[in-house]
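An overview of the molecular structure
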Amino acid sequence: MSTQEIKLKAIADAIREKEGSTALIPAKDFPTRILALETGGLPDGIRTISAEANVSGRGDVSGGGMASDGTRIIVRAAAKGGYKFANWTERGSSVSTEADYAFDVTKDRDLTAVFNVKTSRLPSGYTEVEYIQTDRACGIDTGMQPDTGYDRVVMDIEPTEISLTGEEDFCGMVAYGSSKYLYCSLWRNRYNQICSRVLTNTIVTSNITLGFGRAVIDMNLQTKRISVGDEFYTSNHASGTAKLNNNLFLFVPGTPSSSWASVPARLYSAKIYHNGVLKRDFVPCVNRSGVAGLYDLVESNFHQNSKSGVLTAGPAV
């Protein structure tokens, strides 16, 4: 029998002796019945670990109870909707900022999980979500005509269905002008791998397999460096500067190639810079009317799907 088992048996024996019973003790009753023992009733080296929330109803706390010296335990805190976990405190002092707090038992612990009211970066009535989900005919107009010499677009995106035809089935971002264009596509192939293709006037890549999961597209036209996931491409050609005639669209192209279809995807964030200055900072959300879209923190505007498809929202954050 291990040291831990010996100590647990000693606790059970102490409970039964106090209660005048010889019956087995169900595991679910162990914490309650052991706490009923008089002070000094616990064998040496057995500690009480108390874990509770600072305000009832803000979050769930688990992992407290009895443990022997040297045991490594974890107490866990999970915030409920509208709240966020801040830290674990003990007698008013912070002891950990990890929601899952692991430690070796050496003494009694009296831990409190602090949950604070979550403050939103969006206006009242808007709910931030983890991502927005597209079908095959969604597109969001960013309201910006990109400049091929000064702009940078960064997207955190994940194709969710498989394409069997080609790279133009899903476009992460697209804008066209009379003589210049900007285009980056991302799709999931028949082998369930994420692939990409990037085109500007001066940067053209072949189809690249990026592996699995979501990827960040970072198209920096000012430095002429484009990265998709861990892959990156650089052009030695001067692209010049020109503002395109049409706005930049996310998910599917704007004119003149609006007939292209898209692969369903999730967008987690998108930012647009001009000459190093942040001009669009898109946050996935649901507006006051329950419509999914992107809220721009810079311009304080809501952008929704302008195509014929259905745009849905992921879980609230």
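Heads up: these notes are all about the structure in this document. Just so it is clear, the structure is predicted and the values come from calculations on it, not from any experiment.

1. Regarding the nonpolar core
Grouped together as the largest cluster of nonpolar side chains are 28 residues, with contacts concentrated most on I132, I157, L250, F251 and L267. Counting only elements with at least two residues in this core, the list comes to strand 12 (151-159), strand 14 (181-188), strand 17 (215-220), strand 18 (225-228), strand 21 (265-274), strand 22 (277-286) and strand 23 (292-296). Every residue in contact with L267, bar those within four places of it in the chain, is listed here: E130, Y131, I132, M155, D156, I157, L250, F251, P284 and L294. Of all hydrophobic cores here, the second largest spans 13 residues; its members include I49, V75, F85 and Y101.

2. Looking at unusual backbone geometry
You will see that R91, though not glycine, has its phi angle at about 55°, which is positive. Tracing the backbone shows R91 in the loop between strand 5 (83-90) and strand 6 (93-96). What makes R91 exposed here is its relative accessible area of 67%. Non-glycine residue N275 carries a positive phi angle of around 55°. Note that N275 resides in the loop between strand 21 and strand 22.

3. Some words on the sheet that holds strand 8 (residues 109-117)
The five strands are arranged 3-1-8-5-6 in an open sheet whose pairing can be described as mixed. Each edge of the sheet is formed by a strand with only one pairing partner; in this case those strands are strand 3 (65-68) and strand 6. Averaged over all pairs of adjacent strands, the angle between their axes in this sheet comes to 35°, without regard to strand direction.

4. Regarding the packing of aromatic side chains
Summed over all chains, the structure comprises six aromatic pairs. Seen from their ring centres, Y101 and F103 are 4.9 Å apart, and the 40° between their planes marks the pair as tilted. The buried category is assigned to Y101, whose relative accessible area is 11%. Ring plane angle 65° and centroid distance 5.5 Å describe the contact between Y131 and Y268, whose orientation is recorded as edge-to-face. Of the two residues, Y131 is situated in the loop between strand 9 (127-128) and strand 10 (132-133) and Y268 in strand 21; the sequence distance between them amounts to 137 residues. Taken together, F85, W88 and F115 form an aromatic cluster joined through their ring pairs. The ring of F103 has R109 lying over it, and the distance from NZ or CZ to the ring centre is 4.6 Å. Stacked on the ring of Y268, the Lys or Arg R214 has its end atom at 3.6 Å from the ring centre.

5. Side note on the pattern of salt bridges
Evaluated as defined, the whole model comprises twelve salt bridges. Note that K80 and D60 form a salt bridge whose closest N and O atoms lie 3.8 Å from each other. With K80 in the loop between strand 4 (72-79) and strand 5 and D60 in strand 2 (residues 59-62), this residue pair connects regions lying 20 residues apart in the sequence. With its nearest N and O atoms 2.9 Å apart, the salt bridge here joins E90 to R109. Placement of the pair is E90 in strand 5 and R109 in strand 8, with a sequence separation of 19 residues. Of the two residues, E90 and R109, neither departs from the other in class, the shared state being buried. Put simply, E90, R91 and R109 are held in one network by salt bridges that share partners.

Definitions and limits used
Residues numbered from 1 in each chain as written. Predicted model: local features only at pLDDT ≥ 70, side-chain atom pairs only at ≥ 80, totals over all residues. Heavy atoms only, no water. Core = buried A, V, L, I, M, F, W, Y, C linked by side-chain atoms within 4.5 Å. Buried < 20%, exposed > 50% of the residue type's maximum accessible area, 1.4 Å probe, protein only. Helix = DSSP H or I, 4+ residues; strand = E, 2+ residues; numbered from the N terminus. Contact = heavy atoms within 4.5 Å. Pairing = 2+ DSSP bridges. Axes fitted to C-alpha atoms, helices over the stretch in contact; angles between N-to-C directions. Phe/Tyr/Trp six-rings, centres within 6.5 Å; stacked < 30°, edge-to-face > 60°. Lys NZ or Arg CZ within 6 Å of the ring centre and 35° of its normal. Salt bridge = Lys/Arg side-chain N within 4 Å of Asp/Glu carboxyl O.

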